[in-house]
Amino acid sequence: MNTNLIKSIQNLKLSKLVSLKLINKINHLDDVNIPKVSYKKEDLDNFYKWFVGFVDGEGSFKASFRKNINLEHSRIIFSLSIYLHYKDKKVLEFIKNTLKLDNTIHNINRSDGTKRCELTISNKKVLSEKFIPIFTKYQLSTKKYHDFNIWLKMFKLYENKDILFKDKYDELLVLKSKLNNYEYKHDDNKLDIKINIPWYIGFMEGEGSYSLKYNSNFYKFALISELSQREESIKLFNFLLIWLHDLSPDINCPSFLKDFLNHKVKFNLKSYPKNNKIKITLSSIDYFYWVYFPNIIHYNWNSRKEVNMTLFLIATIILKHGLHLHKDGFHLLIKIFNYINLYYPPYSISSFKNDIFKVLALPPIYNPLHSQDFNGRTIGRKLKSKFISFL
């Protein structure tokens with residue numbers, strides 16, 4: 001292990017296991033490092049949880065009628081589809097390989113010029129033997145929960161050979177009218193939400209984002225993690241707020257900081273009625289450093305969003321350690337700012353990979369055992385004007 005790597009681990013004030021996992025995650029960062037994970041049979045439980053969270057964000061249950069003049073010759077094509085940006089095609093390949101599917105992943109050129117890729121499963125035997133058991137055991141938590149149950153009811157009714165198609169046609173049409181219908185009001189009391197970290201990661205990979213903001217007028221950085229959905233998922237988002245709040249801090253977190261994190265950190269849930277959207281926003285560097293990453297770092301990410309998450313993690317450590325007030329730390333943050341969330345970044349991660357551990361090995365300017373607000377007031381304000389003059 002090289003010297004900078006050792007110093008980077010020593011500078012973290014987190015527990016040893018968490019520190020090692022965080023640094024290991026950063027050490028394996030590259031532009032196309034996703035997905036690398038292959039799940040052993042005994043670990044598939046976490047994959048299924050992740051997959052259900054990902055489908056909660058990106059999946060769609062469909063039932064397409066193929067009507068014939070002779071009604072008894074009519075049929076319904078049932079399917080599960082996942083559509084992604086074509087640069088995320090490896091995620092679909094990963095899902096396909098893990099679930100041992102023989103489906104073809106299709107590339108789609110849309111009329112607006114964007115390129116997409118699609119994985120659609122419509123084989124009834126595969127749906128019945130692989131996917132229905134997954135979504136029955138590992139419950140969906142968004143509106144997809146209701147869509148799946150309507151879809152499943154249609155599937156079972158259609159497959160019931162004891163009932164003639166003409167005798168179940170009207171009921172199938174009624175069910176079809178409710179499927180993927182946002183105007184239909186479902187009973188959320190039936191939705192028993194149970195959140196776990198693999199599900200959350202899958203959902204974040206589908207619907208979440210990690211951003212580094214930079215105000216060049218004030219040389220100020222901010223970290224923002226957002227998760228958005230349609231307003232129909234308000235029950236889930238209220239549960240998510242509680243779940244995020246109740247995550248346990250790292251065992252090395254000082255008791256006064258635990259109290260601060262428990263009572264002072266805000267978890268913002270905002271509604272956007274015009275767009276029919278709701279959004280959870282997290283922005284506390286203390287929370288990211290002491291709570292968020294120590295919890296999620298133990299689980300696998302399976303999409304390119306792991307690159308953004310890892311860059312966000314690096315930015316968290318730099319800001320928490322006050323290394324944005326060092327010229328090398330500042331310039332590394334600018335590189336991350338210009339790279340994160342871009343499908344076509346201006347440079348490769350390899351061009352600044354060595355800079356990452358060079359910066360993380362620097363002695364912290366802030367005391368990580370104090371709150372970010374305290375460090376900013378007592379240290380940051382004194383150093384900032386001098387630092388800016390050297391840029």
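Refer to the structure presented above.
Here's a quick rundown of the structure. (Residues numbered from 1 in each chain as written. Predicted model: local features only at pLDDT ≥ 70, side-chain atom pairs only at ≥ 80, totals over all residues. Heavy atoms only, no water.)

1. A closer look at the overall build of the protein
Phase 1: Helix and strand counts for the protein come out as 15 helices and eight strands.
Phase 2: The dimensions of the protein, computed from C-alpha atoms along their principal axes, are 85 × 45 × 40 Å.
Phase 3: Residues classed as buried in the protein amount to 48% of the 391 residues present.
Phase 4: Pairs at least 24 apart in sequence give 73% of the contacts found in the protein among residues at least 6 apart.
Phase 5: Here the protein displays about 19600 Å² of accessible surface, and carbon together with sulfur accounts for 51% of that area.
Phase 6: Put simply, the protein has 60 plus and 37 minus side-chain charges, and the middle of one group is 6 Å from the middle of the other. (Helix = DSSP H or I, 4+ residues; strand = E, 2+ residues; numbered from the N terminus. Buried < 20%, exposed > 50% of the residue type's maximum accessible area, 1.4 Å probe, protein only. Contact = heavy atoms within 4.5 Å. Areas by Shrake-Rupley, 256 points an atom, 1.4 Å probe, with all protein chains shown as cover. Lys, Arg positive; Asp, Glu negative; His and termini not counted. Charge placed at Lys NZ, Arg CZ, Asp CG, Glu CD.)

2. Quick word on the nonpolar core
Phase 1: Counting 118 residues, the largest nonpolar core has Phe 51, Leu 240, Tyr 287 and Tyr 292 as the members making the most contacts within it.
Phase 2: Those residues in contact with Tyr 292, other than ones at most four positions away along the chain, are Tyr 200, Met 204, Tyr 210, Ser 225, Leu 244, Leu 282 and Tyr 287. (Core = buried A, V, L, I, M, F, W, Y, C linked by side-chain atoms within 4.5 Å.)

3. Details of the packing of aromatic side chains
Phase 1: In total, this model carries 45 aromatic pairs according to the counting rule given.
Phase 2: The interplanar angle of 15° and the centroid separation of 5.0 Å between the aromatic rings of Trp 50 and Phe 54 together place this pair among those described as stacked. Remark: Phe 54 and Trp 50 occur in helix 3 (residues 44-58); sequence separation between them is four residues, near one turn of the helix. Comparing Trp 50 with Phe 54, the two get one shared label, buried.
Phase 3: Aromatic side chains Phe 135 and Phe 148 sit 5.6 Å apart centroid to centroid with 50° between the ring planes, which places their arrangement in the tilted category. With a gap of 13 residues between them, Phe 135 in helix 5 (residues 124-137) and Phe 148 in helix 6 (residues 144-159) connect regions that are remote in the sequence. For the pair Phe 135 and Phe 148, one class covers both residues: buried.
Phase 4: The residue whose ring lies beneath Lys 115 is Tyr 86, and the NZ or CZ to ring-centre distance is 5.4 Å.
Phase 5: If you follow Lys 161 out to its NZ or CZ, it ends over the ring of Tyr 158, 5.6 Å from the centre. (Phe/Tyr/Trp six-rings, centres within 6.5 Å; stacked < 30°, edge-to-face > 60°. Lys NZ or Arg CZ within 6 Å of the ring centre and 35° of its normal.)

4. Digging into the sheet that holds strand 5 (residues 208-215)
Phase 1: Pairing in this open sheet of four strands is antiparallel, and the strands run 5-6-8-7 from one edge to the other. For this open sheet the edge positions go to strand 5 and strand 7 (268-272), each flanked by a neighbour on one side alone. Between one strand axis and the next, the sheet turns through 30° on average, direction left out of account.
Phase 2: Bridge analysis of strand 7 against strand 8 (residues 277-282) gives five bridges, and the strand direction is antiparallel. Opposite Tyr 272, over in strand 8, you have Lys 277 as the bridge partner.
Phase 3: Each of strand 6 (220-230), strand 7 and strand 8 touches helix 9 (residues 234-246); the most contacted strand, strand 8, lies at about 10° to it. (Pairing = 2+ DSSP bridges. Axes fitted to C-alpha atoms, helices over the stretch in contact; angles between N-to-C directions.)

Fair warning: the whole summary comes from geometry, so function is off the table for now.
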